Amino acid sequence: MDRVIIFDTTLRDGEQAAGGTLNVKEKLDIARALERLRVDVIEAGMPINSQAEFEAVCQIAREVRTPIICALARAVAGDIDRAGEALKGAARPRIHVFISSSDIHLAHQLRKSRLEILEIARSMVARAKKYVDDVEFSPMDASRSEPDYLYHILEAVIDAGATTVNIPDTVGYAIPAEFGKLIEGILKNVPNISRAVISVHCHNDLGLAVANSLEAVRHGARQVECTINGIGERAGNASLEEVIMAIKTRHDLFDLTTNVDTTQIYRTSRLVSELTGFPVQPNKAIVGANAFVHQSGIHQDGVIKMPITYEIIDPKTVGVPSSSLVLGKLSGRHAFKERLAELGYGLSEDDFERAFGAFKLLAEKKKEITDKDIESLVAEERRTISEIYHLDRIQVTCGDRGIPTAAVRLTGPDGKILADAALGTGPVDAVYKAINRLVGVTNKLTEFSVKSVTEGIDAIGEVLIRIESDGVTYTGRGADTDVIVASAKAYMNALNRLLSVRKASG
Ligand code: KIV
Ligand code: ZN
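Predicted model only: the values in this text are computed from it and were never measured.

### Some details on the overall build of the protein
On a plain count of helices and strands, the protein comes out with 18 helices and 14 strands. Computed over the C-alpha atoms, the radius of gyration of the protein is 24 Å, within 12% of the 23 Å expected from 2.2 N^0.38 for a compact globule of 506 residues. Its C-alpha atoms give the protein principal-axis dimensions of roughly 75 × 60 × 40 Å. By residue count, 54% of the 506 residues in the protein fall in the buried class. Charge separation in the protein, taken as the distance between the mean sites of 61 positive and 69 negative side-chain charges, equals 3 Å.

### Overview of the site of ligand 1
Taken together, R12, D13, H96, F98, S138, M140, N166, P168, T170, H201 and H203 make up all the residues around ligand 1. Within the side chain of R12, an N or O atom sits 2.9 Å from an oxygen atom of ligand 1. Here an oxygen atom of ligand 1 and a side-chain polar atom of D13 are 3.1 Å apart. In the complex, the protein chains occlude 95% of the 260 Å² of accessible area that ligand 1 would expose alone. Where the shell around ligand 1 is concerned, the elements lending two or more residues are α1 (10-14), β4 (93-100), β5 (134-140) and β6 (164-169). Residue composition of the shell around ligand 1, grouped by class: three nonpolar, six polar and two charged.

### Focus: the pairing of strand β8 (residues 223-226)
Here β8 shows two buried faces, one formed by Q223 and E225 and the other by V224 and C226. Note that strand β1 (residues 5-8) and β8 share four bridges and pair parallel. Note that in β8 the partner of I6 across the bridge is V224. Sheet analysis places strand β7 (residues 197-202) next to β8, joined by three bridges and oriented parallel. Following the sheet pairing, H201 is matched in β8 by E225. Where the polypeptide runs from β7 across helix α9 (residues 209-218) and back to β8, its parallel neighbour, the crossover connection is right-handed.

### Side note on the coordination of the zinc ion (ligand 2)
Coordination of the zinc ion (ligand 2) by the protein involves D13 (OD), H201 (NE2) and H203 (NE2), with metal-donor separations of 2.0 to 2.1 Å. All donor residues of the zinc ion (ligand 2) come from one chain, and their arrangement in sequence is D-x187-H-x1-H. Taken together, the residues span a long stretch of sequence, with D13 in helix α1 and H201 in strand β7 at a distance of 188 residues. H201 matches D13 in its accessibility class, with the two residues each being buried.

### Concerning the pairing of β6
Where burial is concerned, most of β6 is hidden: six out of the six residues are buried. Here β6 shows two buried faces, one formed by T164, N166 and P168 and the other by V165, I167 and D169. Examined bridge by bridge, β5 and β6 share two bridges and lie parallel to one another. Its bridge partner lying in β6, F137 is registered against V165. The β-α-β motif built from β5, the intervening helix α7 (residues 147-159) and the parallel element β6 has right-handed crossover chirality. Bridge count between β6 and β7: six bridges; the pairing is parallel.

### Details of unusual backbone geometry
Unusually for a residue other than glycine, D141 sits at a positive phi of about 65°. Looking at the element boundaries, D141 is found in the loop between β5 and α7. Phi is positive for R234, which is not a glycine, with a value near 50°. Along the chain, the position of R234 falls in the loop between β8 and α10 (240-249). With relative accessibility at 47%, the residue R234 sits in the partly exposed group.

### With respect to the nonpolar core
V97, F137, I153, I167, I186 and V200 are the most contacted members of the largest nonpolar core, which totals 96 residues. Of all the elements, α7 adds the most residues to this core, at eight residues. No fewer than three residues from each of domain 1 (5-276) and domain 2 (289-320) sit in this core. Excluding anything up to four places from it in sequence, I186 contacts L150, Y151, L154, I167, I193 and I198. In terms of nonpolar packing, the next biggest core, distinct from the first, is built from 30 residues, L391, I484, A486 and A494 among them.

### Remarks on the sheet that holds strand β12 (residues 444-452)
The three strands lie next to each other as β12-β13-β14, forming an open sheet whose pairing is antiparallel. In this open sheet, the two edge strands, each paired with only one partner strand, are β12 and β14 (472-480). Taken pair by pair, the neighbouring strands of this sheet meet at an average axis angle of 15°, ignoring direction. Pairing of β12 with strand β13 (residues 461-469), which is carried by eight bridges, proceeds in the antiparallel orientation. Residue K451 lies in a different strand from β13, and its bridge partner there is E462. Along the sheet, helix α18 (residues 483-504) makes contact with β12, β13 and β14, crossing β14 at roughly 145°.

Criteria and thresholds
Just so you know, the residues in each chain are numbered from 1, in the order the chain's sequence is written. For naming, the first written chain is A and the first written ligand is 1, with later ones following in the order written. Totals for whole chains, interfaces and linings use every residue, but because this is a predicted model, local features are given only for residues with pLDDT of at least 70 and side-chain atom pairs only at 80 or more, for both listing and counting. The side-chain numbers reported here are obtained from all heavy atoms of the structure, hydrogens and water having been left aside. Each helix is a run of DSSP H or I of at least 4 residues and each strand a run of E of at least 2, with the numbering of both proceeding from the N terminus. Each radius of gyration reported is based on C-alpha atoms, and the globular scaling rule is 2.2 Å times the count of residues to the power 0.38. Buried residues are those whose accessible area, probed at 1.4 Å on protein chains only, stays under 20% of the maximum for their type, while exposed residues exceed 50% and partly exposed ones sit between those limits. Only four residue types enter the charge count: Lys and Arg as positive, Asp and Glu as negative, with His and the chain ends excluded. A charge is said to be at NZ when it belongs to Lys, at CZ for Arg, at CG for Asp and at CD for Glu. Near residues are defined by distance, with any heavy atom within 4 Å of the molecule or strand qualifying the residue. Polar contact criterion, stated in full: a pair of N or O atoms within 3.5 Å, where within protein one must be able to donate a hydrogen and the other to accept it, and residues adjacent in sequence count only if both atoms are side-chain atoms. The method behind every accessible area is Shrake-Rupley, applied with a 1.4 Å probe, and residues are considered shielded solely by the protein chains displayed. Each residue is assigned to one class: nonpolar for Ala, Val, Leu, Ile, Met, Phe, Trp, Tyr, Cys and Pro, charged for Asp, Glu, Lys and Arg, and polar for all the others, Gly among them. Here, a strand pair is defined by DSSP locating no fewer than two bridges between the strands. When the strands point away from the viewer and the path from the first strand over the helix to the second turns clockwise, the crossover is right-handed. Ligating atoms shown are N, O and S within 2.8 Å of the metal, or 3.2 Å for Na, K and Ca, and water is not included, meaning a site may look less than complete. Nonpolar cores were defined as sets of buried Ala, Val, Leu, Ile, Met, Phe, Trp, Tyr and Cys residues, with membership established by side-chain atoms within 4.5 Å. The domain limits used here are those given by an automatic or database domain assignment. In what follows, residue pairs with any heavy atoms lying within 4.5 Å of each other are defined as contacts. Note on geometry: axes are lines fitted to C-alpha atoms, helical ones only across the stretch in contact, with angles between N-to-C directions running from 0 to 180 degrees.

What is shown is where atoms sit, not what they do.
Following this line, the structure appears as structure tokens:
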């Protein structure tokens, strides 16, 4: 097979990253973006985890029809039955069953013998097979498992009907040469391996997740599990955009392809960053703000003469917007629509009208509106779509002598208007206290940061916050030319996420 199957686990392993909680609507938005990106498989979640996660998998299965929709399950009957139920509406369902195979996990976590684990794996794959034809099996911590035992367990699950066998480097311990050899060993020593696709799932604890995945591909793996922006448990997973662009850019070496539409990469990366609240580091390969910026004079000179001198990827290939046309208060509906289209946004009529209204308001306050302003504005509009409480008005007084005071008016459930005021140690504290009096959800603010979207005194300020409630972290973002208003919006965004997750969990 000369094509690598791209299995995206942003919505499962990616969402497992501390503080990355997404609500059902956000997961669906990401799943649709992944479908546009043309990944082959979307791992939508682990339905046994919660009612909300079950709902998210059901909805994605019903509405996202082109890729395979996969649900994760431990090798436990209840997990598999729940996964089977969540996938009922899917056009192309897959159940992914996992159980640990390393002696470390067997001795200290599962407290079971190798034989017991092998039997459980075999019987649970057979159980999943009753729900779907497409069953994937993962021996967790495979890279620290004894290879001969690994071969046996893989042979058994393939006999039981697994059509993909995934080799996870669960703790990010492997080194590329060694991981490549492991894949080679599986190909040589598992007698029925030709009946299954070999997949890999690498974590980034040593910064080697992409290198390990690529080495595995060079040795015969034909599915790579990865996430947008490399988000995931601890140090994250292999970054989808890096894996894809390595295979594409070094086609001379790999001689392989993927189905992915690379022009959707940048846009999907922004969406995932926006919805999870995980910023992309500026020097991040492929999607970082500096990935295509040439700073040194020598490099600039080369790129002007011929881009290939210092640029191995044309930024257009990954969908980085090519021009930085500036709009302003005289720009009309048509120019705004065109710019949105160039940036990759296909908004519905209603969403376009809302975004255009916000653009006009912004143009009153800010002379030049750049692509980054437009992205921030569309993101802000998107955030307000599924709100339970909406920030209607806010008024703050503060200064070095006065007592910071905030008055806040919200629209609550059923359109009810709610208003209150509070004093605080600073303006943001006062605003948050006033909102707390109205919404009444106990939580702790764990992170607060402000950044400006563009340069200039009239720039939009973007606030990112994280709050914790009952041991779960929720992220909120808000943008406005006034940073206090942006802080209030970010807090409302985090509270709305918290409330919608609680509502979905019953
Ligand atoms: O890292 C891991 O081992 C996993 C498995 C569930 C595949 O995420
Ligand atoms: Zn993982």
